[in-house]
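# Analysis of the macromolecular model
Listed below, chain by chain, are the residues.
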Amino acid sequence: MHYIRAIIHLLKSNQIFMFFIVMNDLNSCYSHLDGTESCLVSPVVGQPCVALFSEDCYWYRAKVTRLTVNSVEVQFVDYGNTEVIKPKDLKSMEPKYMTLPVQAIECSLDLTRKDWTDEQRAMLENVTREKIDDGGEQEKEVSVKVIVQKADKYEVKVLDGTTCISDSVLAETAKRKG
């Protein structure tokens, strides 16, 4: 089962600088701790924490999403990605790092649909990319309009100027089905 979903960052331009200051401070604080200092002894699902991201070895705000005997799955709340980590790479979060709102929210083109085909996902990806001079591609700047919120998920419309990209994707895939 596949989902058409995205993680949207809702930062205003004046908040971006503050966000990076807080993230740099957090990483500096936690990278200077020894292995057992501030360890999260008995984590529970949903608990805020600080976790070490394996790709860059930086500490980020996270929440516990799943527990196993020897590992913990976390979601990095400001970026949306998840990772399974060792318990030693999980720390309790100091309250000063909880004041900044979560910076990534989960969005979908249609909250009533549970699965999407690879074709639908590829179509959305293709219309949100643009060709660049060197023959490659880059992400296209688009706008996102929130239509409805259900719990912690948002149904959105994706716009390229005045053109509704998401409606085009949904209509095209419905036409191919019917």
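Above this text you will find the structure in question.
Residues numbered from 1 in each chain as written. Predicted model: local features only at pLDDT ≥ 70, side-chain atom pairs only at ≥ 80, totals over all residues. Heavy atoms only, no water.

## Thoughts on the overall build of the protein chain
- Helices and strands together make up the secondary structure of the protein chain, namely three helices and 12 strands.
- Expressed as a percentage of its 178 residues, the buried residues of the protein chain come to 33%.
- Taking the contacts inside the protein chain whose residues are at least 6 apart along the sequence as the reference set, 56% of them involve residues at least 24 apart.
- By element, 53% of the accessible surface of the protein chain is carried by carbon and sulfur atoms, the whole surface being about 11,400 Å². (Helix = DSSP H or I, 4+ residues; strand = E, 2+ residues; numbered from the N terminus. Buried < 20%, exposed > 50% of the residue type's maximum accessible area, 1.4 Å probe, protein only. Contact = heavy atoms within 4.5 Å. Areas by Shrake-Rupley, 256 points an atom, 1.4 Å probe, with all protein chains shown as cover.)

## Thoughts on the sheet that holds strand S3 (residues 58-67)
- Reading across from one edge, S5-S4-S3-S2-S6 is the order of the five strands in this open sheet, with antiparallel pairing throughout. In this open sheet, the two strands that pair with only one neighbour each are strand S5 (82-85) and strand S6 (90-91).
- In the sheet, S3 pairs with strand S4 (residues 72-76) via five bridges, with the strands oriented antiparallel. Bridging from a neighbouring strand, Leu-67 pairs with Val-72 of S4. (Pairing = 2+ DSSP bridges.)

## So, unusual backbone geometry
- A positive phi angle, close to 60 degrees, is found at Ser-38, a residue other than glycine.
- Turning to its location among the elements, Ser-38 is positioned in the loop between helix H1 (13-31) and strand S2 (48-53).
- With a relative accessible area of 31%, Ser-38 lands in the partly exposed category.
- Here Cys-57, not a glycine, exhibits a phi torsion of approximately 60 degrees, which is positive.
- Inspection of the secondary structure puts Cys-57 in the loop between S2 and S3.

## Thoughts on the packing of aromatic side chains
- This structure, assessed with the given rule, holds eight aromatic pairs.
- Measuring from ring centre to ring centre gives 5.3 Å for Phe-53 and Phe-76, while their planes differ by 75 degrees; the resulting arrangement is edge-to-face. Placement of the pair is Phe-53 in strand S2 and Phe-76 in strand S4, with a sequence separation of 23 residues.
- Three or more aromatic residues joined by ring pairs make a cluster, and in this case those are Phe-19, Phe-20, Phe-53, Tyr-60, Phe-76 and Tyr-79. (Phe/Tyr/Trp six-rings, centres within 6.5 Å; stacked < 30°, edge-to-face > 60°.)

## A look at the pattern of salt bridges
- According to the stated counting rule, one finds five salt bridges in the structure shown.
- Arg-66 is paired through a salt bridge with Glu-73; the nearest N and O atoms lie 3.8 Å apart.
- Between Lys-88 and Asp-89 there is a salt bridge whose closest N-O contact spans 3.2 Å.
- Residue class for Asp-89 comes out buried when judged on its relative accessible area of 14%. (Salt bridge = Lys/Arg side-chain N within 4 Å of Asp/Glu carboxyl O.)

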